[in-house]
Amino acid sequence: MQDISYNKRFEYNWDVPFKVTLGESYFRFLDGLKNKKILGNICPKCNGLHVPARPFCDKCLVEITKWYETSGIVTIESFSVTYVKFLGLPDPPHITGIVRAENAVTSFLHQIGGIPYDEPKELDEKTKIGMKLKPVWAEKRIGDIQDILYFTPVDA
Amino acid sequence: MDRKVAVVGVGNTSYTSAKRETRERTEVSADCIKAGFDFVGKGLSMDDVDSIFYASVDAFEGVQRPDRSMDCLGQSLNKATFFVHTGGTAGGSAFKEAYHSVKSGLCDIVIALGASTTSATVEAQQILNSASPPLIEKPFGAGAIHMAGYYLMRYKADYNITAEDFAMVAAKSHKHAVNNPYAHIRKGFTVEEILASPMVCSPIHLYEICPVSAGATCVIMASEEKAKELSDTPVWIKAIDSISNTFLAGYRPFTSFYKLEILAKRVYEKAGIKNPLEDIDYAELFNPFAGFELLEYEALGFCDKGDAPKLVRDGITDYGGKLPCTLSGGTLCTNSGISASMSRHAETVLQLMGKVEGGRQVKNAKTGIAHSWGGNMGQFHTLCVLSV
Amino acid sequence: MSNNVIKKEWRFNFDFSVASGETYGRFFKGLNDKKIIGNICNNRTFYPPKPFCDKTLKPPDAWLECDGAGIVEAFTICCEKSNGVKFSKTDKKPDVPYVLGVIKIKDSEHCIIHFISGFETKDVSEIADKIEIGMKVKPVWATKREGEILDIEYFEPVI
Ligand SMILES: [Zn+2]
C-alpha cells in the first residue's frame, strides 16, 4: 500500500504550433468561401457530388477535377444542441450539426444559428432534421470554413 | 494452420477519477499486469511473456509513445513491446494484435494492456477536439459528445425514441456498476435521477455520459498448449475483426451504426453465429454515451431497427434476461480512456470463466461478444466472439 | 496562390497534471531537503528510486539516502541554442555552451540525466579538457528549491 502523503502533482503544458498544406482542392474550396461560394466537385467515375470539394473520391480512388458551384442551401442530417459551457466553444446554447448540400454524397459539420426561442430547451424541437438552411457569411472572409458564421433557416 | 488462442488471465486495478489518482502512471500499469499474473497464478511472470501490446493515446497521456515510459512492460528484460493506438478503440485493437501474434505461431504468451490513458488529462475536451480534422471540422470545437449527439438525435427522430428510453438503458448500467468493484461511478442513478440531471448536448443528460477515470485493465493470452497448462477455464477467441470509417465525420451517415452492422455480419459468419439473440449468452458493449447501447443492439442484430428500447423494457438485456448486456456498468460508469475498450473483453472473459464478482455472474454463459468503438469520434469498431 | 493561403496554421495547447506517486514523491521531497533518495530491491540499488521492481513488479525492499556524489558515464557539450526547448516550468535554461551528462549516483544500477557545470570557462575546448568519462561529480543545490529535479542546479566536478 503506498503512502500517498508523499504524492505530489506536477503540471505541465504542450503548446505546439502546426502548419499544413491545403493542396489544390481544399484551397479552391476555402478560397470559394472567401467569395461567398460553396464549391463542390464531381467524381468522373461515380458522378458523386462532394461538398466540401476534395482531391479524390474515396470510393473510386480517382482524382476529382470537375468543379460545381452549389446554391449554398443545405439540409440538416442531424444536430445536437450544447447546453453546457465547453472550453473553447461559444456560450450555450449553441447548435452544431451535420448538413448536406443539394444531393451531395458527403455532408459536413457546421454551426446552426438564428433559430428563435424563449427557453433554450425549445431548440431541440425547433431545430429539425430535414430543415433547409442558408449560410450567414462573415463580414471579413479569409478563406476558412468559419467564413460561414453559421447556417440559418432559409425563411429566417 | 488451425492454432487456437485463449485468454487465460485478466488484471484490473482499482478505478478512481483522474483528478484523484495518486499512483504514478507506470505504477498503475505495473499493478495491472501483476494482478493479471496473480489471476493466472502458476508462477507466471514477465519471463514467460513473449510480447506486450500497450494500448493508449499519446495526447491524453502527455507523453509521445507512452509505452516507452512503462518499464513494467519488460523493456529491461528484452521483451518486444508494441504501441497500439486507434483512439478509443485501442483496447479492442491491442487485443486483436495480441491475438494475431499468438495465432500466427510467433508468440506463445502475450499481454494486451489497456492503459490508464486519461490520468494526466486536465481538460479532455482540449484533446478530443485535437482528434478532429483540422481544416474543416476542428474549428467548431466538436468532441466525442457532439458526434454522439448527432447519432442519438437522428435515432430519436427516425424511430420516435423517447428520453426515457435513453435513461432506462443508462439506469441499467448504473444499477450494475454498484456491484462492480472495478467500476468508477457506483451511484446507482435511477431513471428519474438521470432525466433530472442537466442536459449537456441534446439528447444526452449528464448521467448518460462517461466519467474521466484513472485505472488499467489487461488480458493475458496464450496458445492452446500453454493455455491448457496455465488455466482450467481458458476462454477461446473464436472470431475477431475490426472496421474503419472516414476521417471526416461529415462523410458518415448518422442514421445507424452501419459500420458495426457490416462488421457483425463478418464476425458472426466466422464464428458460426446465425441468430445472435439465441446464440450469444453475454455481450459487453461500448457505451460511453448510454444511448449507444441501443444503436449497438440493432447493429449487432439483437432486434430490428427502432426496437432496441423494447429489449431494455422487457429485461431481455438485463441480468436474468435472454441476452444480458454490459453488466459491468460499461464505459458509461468507468472510462479511463483506453482501458475501457479492453475492459469489454476482460469482463466477457470473466463472465465465461464464471469469475465475476458482485452477484452479476450470468449462469452457464458459453458464448460472449465484446465490442469497442472510437477514433476521432467513432471512426473504428472492433468485435470479438469468445467462447468456453 | 500566396503562401499564407495555401497553408493553414493551428496550435495544440494541452494542459496536463500527473501524480508522482509515493516513490517519486519521496525523491522530490528529498531534493527539497538536499538529499538524494533511492531504493534497493534484491541487492539492486536505484538512484532515483523505482516505484516497483521491473523484473518482479513488486515494490522494492527498502529506502536509501545519499549525498548524490557520482560518476560521469557519458556527456555531450551543447554549443548551439535550440529553439523551443524549455527545461522546466521555471525555464532555468543555461547559456550555451552547456554540458548534459549521464551520471551514475553511488552504486545505482541506472543513471540520471543532468547538467554538469562549474568549469569557470565558456570556451568549448577548455570545457572539453576539463571533463572526462569516469570523472567524479557532486550535486550543487539551487538556493530556491521546490521539490523538482532542478532543485539540483547542476553537478560539478569533485576536486
Ligand atoms: Zn467516385
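Predicted, not measured: the structure shown is a model, and the values here were computed from it. (Residues numbered from 1 in each chain as written. Chains lettered and ligands numbered in written order. Predicted model: local features only at pLDDT ≥ 70, side-chain atom pairs only at ≥ 80, totals over all residues. Heavy atoms only, no water.)

## Details of the overall build of chain B
Of the regular secondary structure elements, chain B holds 14 helices and 13 strands. Whereas a compact globule of 388 residues would reach a radius of gyration of roughly 21 Å, chain B reaches 19 Å, a difference of no more than 12%. By principal-axis analysis of the C-alpha atoms, chain B measures approximately 55 × 45 × 35 Å. Here chain B holds 388 residues, and the buried ones make up 68% of them. The long-range share in chain B, meaning contacts at least 24 apart out of those at least 6 apart in sequence, stands at 76%. When the accessible surface of chain B is split by element, carbon and sulfur atoms take 49% of a total near 12,300 Å². (Helix = DSSP H or I, 4+ residues; strand = E, 2+ residues; numbered from the N terminus. Rg over C-alpha atoms; globule rule 2.2 N^0.38 Å. Buried < 20%, exposed > 50% of the residue type's maximum accessible area, 1.4 Å probe, protein only. Contact = heavy atoms within 4.5 Å. Areas by Shrake-Rupley, 256 points an atom, 1.4 Å probe, with all protein chains shown as cover.)

## With respect to the interface of chain C and chain B
Across the boundary between the two partners, chain C contributes 23 residues, which contact 30 residues of chain B. In total, about 2,000 Å² of surface goes out of reach between chain C and chain B, with carbon and sulfur atoms giving 67% of it. Counting the surface chain C buries against chain B, the share from its top three residues, Phe 16, Phe 52 and Leu 57 of chain C, is 27%. For the salt bridge of Asp 71 of chain B with Lys 50 of chain C, the shortest nitrogen-to-oxygen distance reads 3.1 Å. Where chain C packs against chain B, one counts five residue pairs in polar contact (both at pLDDT 80 or more). At the level of elements, strand E1 (7-19) and helix H2 (21-32) of chain C are the ones that each hand at least two residues to the side of chain C that touches chain B. Ranked by residue count, the leading element in the side of chain C that touches chain B is E1 of chain C, at eleven residues. Its residues placed into classes, the side of chain C that touches chain B shows ten nonpolar, five polar and eight charged. (Buried area = accessible area lost by both parts, 1.4 Å probe. Salt bridge = Lys/Arg side-chain N within 4 Å of Asp/Glu carboxyl O. Polar contact = N/O pair within 3.5 Å; in protein donor to acceptor, adjacent residues only side chain to side chain. Nonpolar A, V, L, I, M, F, W, Y, C, P; charged D, E, K, R; others polar.)

## Let's talk about the environment of Thr 367 of chain B
Residues and elements named next belong to chain B. By secondary structure assignment, the location of Thr 367 is in strand E12 (residues 367-374). On the basis of relative accessibility, which here comes to 16%, the residue Thr 367 falls in the buried class. Among all residues touching Thr 367, those that are not within four sequence positions of it are Ile 273, Asp 279, Ile 280, Asp 281, Tyr 282, Leu 352, Val 385, Leu 386 and Ser 387.

## Some remarks on the environment of Ser 372 of chain B
Residues and elements named next belong to chain B. Among the structural elements, Ser 372 can be located in strand E12. In contact with Ser 372, not counting residues within four places along its chain, are Thr 89, Gly 92, Phe 286, Ser 341, Phe 380, His 381 and Thr 382. A polar atom in the side chain of Ser 372 sits 2.7 Å from the side chain of Thr 382.

## Side note on helix H5 (residues 144-159) of chain B
Residue and element names in this part refer to chain B. Compared with the 22 Å implied by 1.5 Å per residue over 16 residues, the 23 Å span of H5 between its first and last C-alpha is a close match. Buried residues dominate H5, accounting for twelve of its 16 residues. Taken as a whole, H5 has its buried residues at Ala 144, Ile 145, His 146, Met 147, Ala 148, Gly 149, Tyr 150, Tyr 151, Leu 152, Met 153, Arg 154 and Tyr 155. (Expected span 1.5 Å × (residues − 1).)

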